[in-house]
There are 4 protein chains.
Amino acid sequence: MNRFGNIFTLTTFGESHGRAIGGVIDGVPSGFHIRTEAIQSELDRRRPGSTPLGTARRENDQIEILSGIYRDITLGSPIGFIIPNTNAHTADYAEMEHIYRPSHADYTYDAKYGLRDWRGGGRASARETACRVAAGAVARQILAQATQIKVAAYTSRIGSVAVSDGLKDTEHVYKSPVRCPEPGETEAAMINEVERARTAGNTVGGMVTCIISGMPAGLGEPLADKLQAMLGAAILGIPAVKGWEYGSGMQSASAYGSETADIFTSDNGRIRILSNHSGGIQGGISNGEDIYFNVAFKPAPTMMRDIRTVDDQGHTAILHAQGRHDPCVVPRAVPVVEAMTCITLLDALLMHRAGGLRTSL
Amino acid sequence: MNRFGNIFTLTTFGESHGRAIGGVIDGVPSGFHIRTEAIQSELDRRRPGSTPLGTARRENDQIEILSGIYRDITLGSPIGFIIPNTNAHTADYAEMEHIYRPSHADYTYDAKYGLRDWRGGGRASARETACRVAAGAVARQILAQATQIKVAAYTSRIGSVAVSDGLKDTEHVYKSPVRCPEPGETEAAMINEVERARTAGNTVGGMVTCIISGMPAGLGEPLADKLQAMLGAAILGIPAVKGWEYGSGMQSASAYGSETADIFTSDNGRIRILSNHSGGIQGGISNGEDIYFNVAFKPAPTMMRDIRTVDDQGHTAILHAQGRHDPCVVPRAVPVVEAMTCITLLDALLMHRAGGLRTSL
Amino acid sequence: MNRFGNIFTLTTFGESHGRAIGGVIDGVPSGFHIRTEAIQSELDRRRPGSTPLGTARRENDQIEILSGIYRDITLGSPIGFIIPNTNAHTADYAEMEHIYRPSHADYTYDAKYGLRDWRGGGRASARETACRVAAGAVARQILAQATQIKVAAYTSRIGSVAVSDGLKDTEHVYKSPVRCPEPGETEAAMINEVERARTAGNTVGGMVTCIISGMPAGLGEPLADKLQAMLGAAILGIPAVKGWEYGSGMQSASAYGSETADIFTSDNGRIRILSNHSGGIQGGISNGEDIYFNVAFKPAPTMMRDIRTVDDQGHTAILHAQGRHDPCVVPRAVPVVEAMTCITLLDALLMHRAGGLRTSL
Amino acid sequence: MNRFGNIFTLTTFGESHGRAIGGVIDGVPSGFHIRTEAIQSELDRRRPGSTPLGTARRENDQIEILSGIYRDITLGSPIGFIIPNTNAHTADYAEMEHIYRPSHADYTYDAKYGLRDWRGGGRASARETACRVAAGAVARQILAQATQIKVAAYTSRIGSVAVSDGLKDTEHVYKSPVRCPEPGETEAAMINEVERARTAGNTVGGMVTCIISGMPAGLGEPLADKLQAMLGAAILGIPAVKGWEYGSGMQSASAYGSETADIFTSDNGRIRILSNHSGGIQGGISNGEDIYFNVAFKPAPTMMRDIRTVDDQGHTAILHAQGRHDPCVVPRAVPVVEAMTCITLLDALLMHRAGGLRTSL
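Residues numbered from 1 in each chain as written. Chains lettered and ligands numbered in written order. Predicted model: local features only at pLDDT ≥ 70, side-chain atom pairs only at ≥ 80, totals over all residues. Heavy atoms only, no water.

1. Re the side chain of Thr-203 of chain D
Then, number 1: Along the chain, the position of Thr-203 of chain D falls in the loop between helix 4 (185-199) and strand 10 (206-213).
Then, number 2: Among the polar contacts listed, one links the side chain of Thr-203 of chain D to the backbone oxygen of Ala-300 of chain D, at a separation of 2.6 Å.
Then, number 3: Excluding residues that lie within four positions of it along the chain, Thr-203 of chain D makes contacts with Ala-255, Tyr-256 and Gly-257 of chain C together with Ala-197, Pro-299, Ala-300, Thr-302, Met-303, Asp-326 and Pro-327 of chain D. (Helix = DSSP H or I, 4+ residues; strand = E, 2+ residues; numbered from the N terminus. Polar contact = N/O pair within 3.5 Å; in protein donor to acceptor, adjacent residues only side chain to side chain. Contact = heavy atoms within 4.5 Å.)

The structure is reproduced here in structure tokens:
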């Protein structure tokens with residue numbers, strides 16, 4: 001229920017205003033170097049305050065690794081970790097104890113569980129994604145040591161502003177406050193879009209694009225755990241995501257086969273696929289070409305406006321929003337997309353190994 | 001690996017030209033009436049020959065239920081079933097033993113497993129989806145007896161032709177050879193789009209839309225098994241799917257919060273959500289409103305043309321396609337989308353029951 | 001619920017008097033030779049009629065492999081199979097529709113499911129174990145090609161007669177009608193014990209011992225899936241098993257550390273463990289020495305006697321047993337113990353591979 | 001790998017001399033009262049120092065609950081917790097960095113993972129069982145609110161001393177330093193057995209018996225998750241356990257059907273089972289009678305003696321044991337047996353609910 005993955009798994013816990021959030025990473029293969037600073041540095045890309053455009057909440061998001069690593073090497077035992085909550089302003093949420101915020105999980109949690117921790121969104125807070133970033137940073141380090149796989153995501157759209165050239169400058173992404181890969185006009189326009197939303201007490205949606213390079217052929221299970229189904233589920237589990245597409249994507253619906261079939265060719269004996277409308281996956285299994293996908297994020301529903309809603313007795317109520325929120329969640333979502341992708345790829349790699357026995361132990 | 005679901009599960013087996021395909025449905029709650037004819041009737045909607053626009057392959061797709069039902073009532077034990085393969089033309093595929101078809105799974109299966117059953121696509125054939133339709137028909141009957149849930153899908157686009165009014169006429173969908181819910185011009189244009197593609201030896205993509213009504217609030221797990229992640233993964237596991245979106249979908253990326261936040265209101269004490277940009281799910285949990293989603297299908301890559309490709313030694317080869325294929329897979333995909341949706345919803349319902357213990361046994 | 005294993009899995013279906021029993025073996029690694037005759041030959045060791053001492057029911061237990069193997073090689077896709085029921089005498093069971101047989105599952109199935117298939121024990125019939133023998137035969141062939149592992153079980157006790165020397169003559173086990181490894185006096189006494197029970201309309205219990213040799217060190221997960229917990233659960237899931245012990249076993253409770261601690265020694269640089277009270281497993285992980293365990297089977301509760309019991313309305317009833325039953329289930333249980341052991345070991349091997357990634361793909 | 005259970009699950013982490021051990025309890029149903037003191041009080045029964053007969057290591061085993069409970073009520077979200085390690089004497093273990101202790105997990109961890117945390121036994125330390133006791137205490141409180149189920153374990157044998165009358169005095173168990181249910185002679189003899197072993201630098205084994213009363217009929221899945229297989233696996237996963245039996249147990253192997261078949265009778269319309277050789281489970285499903293089982297614990301292999309062994313290079317070495325150990329692990333194992341039993345029963349209860357849907361949501 002709170003566990004991601006099949007073999008390399010992450011189980012998380014924690015409410016937004018509780019003592020800590022945290023998790024257990026299980027199925028960690030032994031013998032890999034893990035640098036805690038590399039984990040912390042990925043957390044810093046997501047934490048409140050990581051971009052000047054985000055929420056005013058400030059959290060250090062300081063991770064404490066409690067187990068599973070000895071002398072910087074993975075033991076093969078689970079990595080337990082916690083991230084204390086230090087900057088919770090519960091008072092900001094007091095009126096939400098009985099009032100349902102529009103398009104949030106307040107009502108559905110009550111419907112499902114009969115009660116909820118209303119402080120700061122409780123379990124439904126996007127704060128939980130910090131745990132995924134931590135696990136993603138572990139996965140990324142193992143992938144780097146075991147394979148050529150690289151995962152890079154970026155903001156490809158904010159509201160009406162879209163990038164034109166794709167991942168032009170990988171280095172620039174995390175320097176950009178909006179995680180835009182194109183320094184210059186596009187980036188400025190994206191920043192402007194966010195600032196306009198903030199000024200208007202509004203929020204704005206956006207798109208994240210992710211590119212996986214250095215893929216070996218053969219990852220993904222052909223039926224129920226097709227690689228696209230694993231990736232799609234991992235990404236659709238991120239708060240605020242409303243759609244996911246890969247390769248030729250949603251526009252495939254308007255296309256003809258003569259336009260989208262990929263071409264096999266032989267590159268000095270190594271089989272390559274031209275055009276890559278397939279998006280690096282065929283029949284649920286990676287073909288060795290780059291995998292790329294798009295993720296649509298809705299504008300956050302919490303706005304700096306008075307909103308008419310209902311309370312938990314079904315009576316009309318007015319919500320005077322006062323929490324600290326992001327006018328655009330997309331920049332802080334970029335490292336979360338990367339993290340879920342790394343987690344999923346390492347899981348797929350280990351699943352492939354489990355099934356790939358062909359000769360001897 | 002070949003299993004869908006968590007509690008209500010389907011494990012399938014079978015290659016396209018083997019003796020039979022089939023599966024085991026496990027986690028079936030006891031005491032429900034199951035009519036075999038209702039299963040067969042759903043299979044008939046998907047089978048080759050179900051629409052005059054489809055492949056020339058004719059399969060009866062006659063299901064044999066082997067266990068789990070006694071005097072038309074589910075026993076609580078697993079339902080084993082087989083669907084014999086009766087109309088396999090293996091000779092049509094002879095040249096594919098060593099040649100890789102573009103955008104198919106031929107190459108990736110070889111890369112993953114070191115060998116493959118090349119006859120009729122082997123395990124990667126869409127024929128496997130018949131098993132899902134069978135399990136979906138079981139799930140649908142149980143949902144109908146235990147809940148108000150109804151699942152209805154339809155073709156919302158084929159190539160350049162899209163429906164304008166949504167699910168106008170539920171009854172018409174399966175009367176239409178293209179599964180179009182709008183009799184008249186739109187349907188005629190869709191049929192024309194398919195026929196044009198066939199005549200040109202080409203194929204065409206399309207979109208399926210699915211609407212779930214009668215949902216109770218509370219289904220879906222809030223973290224890793226968010227209802228949208230479960231649905232998305234189930235649908236992304238259908239062959240040829242390239243994208244999935246729900247509620248405000250991909251266009252959320254261009255939207256502002258003031259446009260997409262839903263409004264809570266009270267309808268005689270019952271809490272309702274107006275506008276439903278959320279698509280019936282908030283925080284991963286159903287809110288009681290209709291769930292709706294879109295699925296993009298790529299045009300099938302197998303065309304009636306000579307195609308230059310490579311063989312399994314990496315040499316250039318010419319593929320003289322001769323199999324029997326669909327110019328558009330969308331009409332036959334509609335019942336598959338419904339089936340995966342029914343399977344997922346029943347699974348979510350049972351997961352909710354498992355976690356929902358509140359008072360006494 | 002009806003699935004054994006984690007990665008190499010078996011899902012079975014089927015009621016005793018339904019059309020067929022069968023299953024799906026998933027997680028089968030690709031590229032292994034599987035001989036169907038070797039599967040059939042293991043089934044023949046378990047089937048009714050396999051020993052002159054068993055039930056009068058005669059079943060061919062003829063397996064039909066439907067998928068997953070092509071040209072005698074595993075494809076990596078699931079192996080679906082069925083074993084038709086051909087010799088069901090449902091009339092023998094007519095009175096059991098409403099009467100509960102002592103120490104059987106009749107009452108508990110009704111309590112759990114609200115109904116049951118009473119014909120021949122329905123789903124609770126030991127006939128289901130034929131499916132496990134089939135999967136075990138697949139696992140054994142893969143283990144033989146990938147490792148040095150050998151699994152051999154035998155009857156070590158029937159009622160008051162126990163073997164004295166352990167597995168003296170592996171070859172003799174399946175020649176013996178009681179699966180006794182010691183030709184001569186012990187075997188004769190065991191046969192006599194069974195015949196006496198049959199003549200008296202009684203039944204008798206027994207013990208099966210299993211020895212796993214050629215084990216590599218390192219199999220088993222150290223916490224929840226300790227190798228002994230995996231083996232124990234697999235064996236405790238066989239009908240009629242009442243206890244399981246390994247290594248120094250139940251008598252450890254009366255022992256002192258000075259008696260049972262094993263000694264490490266070095267055999268030309270290879271680490272060996274003397275005495276092997278550990279039974280080949282330390283900390284949940286195989287240490288490379290032989291694993292051995294004992295399984296206690298209760299005497300079957302169905303006797304050729306009139307028995308006073310109750311019906312499903314709670315009224316007193318007399319059961320006139322007329323089915324065809326074994327006076328001692330132990331001889332036919334020996335191949336089932338071997339099968340569950342092979343399934344578990346291959347699963348542990350694949351789990352180990354999944355977690356054992358250390359360097360590169 | 002480090003996860004117990006199917007729906008109500010416990011994932012643990014932590015090495016003996018790391019910063020903390022801990023875990024995540026997932027699948028916790030919402031709306032139940034949980035008293036932290038009740039958890040702490042069960043931990044106090046297991047912690048080092050809980051009995052004057054045990055190890056000299058003193059740990060407070062103070063639990064910190066980090067999530068999942070709000071105002072003393074379960075939220076339905078996971079309960080994360082940690083238990084800091086405060087009294088680790090790593091220096092005591094210095095020589096074990098390269099030397100393998102007999103019958104411990106040192107060698108097998110190295111064989112499996114290529115490295116290990118040797119300090120205090122690392123992950124293989126029985127200290128990890130504190131996490132299970134914490135989760136068991138949560139399960140027990142939920143069982144008490146949702147059912148009539150009660151779980152009580154006690155020491156039934158230490159070395160040569162066995163109890164004669166079973167669970168004579170439930171109240172006395174945790175007052176007794178050896179967890180003996182019979183005050184007086186038996187208890188004194190057990191204490192004497194432990195003291196004699198300690199004085200001799202030896203250790204002694206023992207037996208724990210567990211009784212589950214107040215069971216509803218219907219728990220347990222009939223095939224792969226038979227209730228006895230679930231219980232057996234849970235108990236066999238406790239360090240030092242060498243055997244598990246229930247109902248008529250290992251001695252069934254010497255019994256006749258006429259001796260062990262249970263008798264159904266009607267007690268004012270309620271069906272009861274006399275004699276209970278079945279041990280409360282028939283066909284894998286609880287029948288409503290008491291479940292009882294025995295667990296054999298081996299004597300701990302760490303003795304206060306110099307022992308000849310090998311190092312990780314395969315050279316002969318002498319181990320000068322200096323750690324703080326229990327002469328008999330059985331008294332401290334009693335709460336662990338109870339905990340694993342409570343965890344398993346709640347899991348079985350929730351699995352039953354998941355599968356038991358019969359009428360409406």
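So, next bit.
2. Observations concerning the relation of the copies chain A and chain D
Then, number 1: In screw terms, the move from chain A to chain D is a rotation of 180° and a rise of 0.0 Å along the axis, fitting with an RMSD of 0.0 Å. Within this description, the copies of the chain are treated as partners about a two-fold rotation axis.
Then, number 2: Taken together, the interface assignments show that 100% of the residues at the interface of chain A recur at the interface of chain D, consistent with an identical surface on both copies. (Least-squares fit on C-alpha atoms with pLDDT ≥ 70 in both.)

3. Some details on the pairing of strand 8 (residues 150-158) of chain A
Residue and element names in this part refer to chain A.
Then, number 1: With seven of nine residues buried, strand 8 is to be regarded as a mostly interior element.
Then, number 2: Where strand 8 meets strand 10 (residues 206-213), eight bridges bridge the pair, whose relative direction is antiparallel. The partner of Arg-157 across the bridge, within strand 10, is Met-207.
Then, number 3: Of the pairings in the sheet, the one linking strand 8 to strand 9 (residues 161-162) comprises two bridges and is antiparallel in character. In the sheet register, Arg-157 faces strand 9, and the bridge partner there is Ala-162. (Buried < 20%, exposed > 50% of the residue type's maximum accessible area, 1.4 Å probe, protein only. Pairing = 2+ DSSP bridges.)

4. Some remarks on the relation of the copies chain C and chain D
Then, number 1: For the pair chain C and chain D, the best superposition has an RMSD of 0.0 Å and corresponds to a rotation of 180° with a translation of 0.0 Å parallel to the axis.
Then, number 2: Mapped onto chain D, 99% of the interface residues of chain C again fall at the interface, so both copies present the same surface.

5. So, the packing of aromatic side chains
Then, number 1: Tallied over the entire structure, the rule returns 24 aromatic pairs over all chains.
Then, number 2: Between Trp-244 of chain C and Phe-293 of chain C, the ring centres sit 5.4 Å apart and the planes meet at 40°, which makes this aromatic pair tilted. Here the residue Trp-244 of chain C occupies a position in strand 11 (residues 241-246), and Phe-293 of chain C occupies one in strand 16 (residues 291-297), the gap between them amounting to 49 residues. Both residues of the pair, Trp-244 of chain C and Phe-293 of chain C, count as buried.
Then, number 3: What links up through ring pairs into an aromatic cluster is the set Tyr-100 and Tyr-107 of chain A together with Phe-264 of chain B.
Then, number 4: In this structure, Lys-112 of chain C packs its charged tip against the face of Tyr-113 of chain C, placed 5.9 Å from the ring centre. (Phe/Tyr/Trp six-rings, centres within 6.5 Å; stacked < 30°, edge-to-face > 60°. Lys NZ or Arg CZ within 6 Å of the ring centre and 35° of its normal.)

6. Topic: the interface of chain A and chain D
Then, number 1: Contacts between chain A and chain D engage 39 residues on the former and 39 residues on the latter.
Then, number 2: Summing the contributions of chain A and of chain D, the shared interface buries around 3,200 Å²; its carbon and sulfur component is 60%.
Then, number 3: Across the contact surface, chain A and chain D share four salt bridges.
Then, number 4: A salt bridge links Arg-71 of chain D to Glu-97 of chain A, with the nearest nitrogen and oxygen atoms 3.0 Å apart.
Then, number 5: Remark: the boundary between chain A and chain D carries 14 residue pairs in polar contact (both at pLDDT 80 or more). (Buried area = accessible area lost by both parts, 1.4 Å probe. Salt bridge = Lys/Arg side-chain N within 4 Å of Asp/Glu carboxyl O.)

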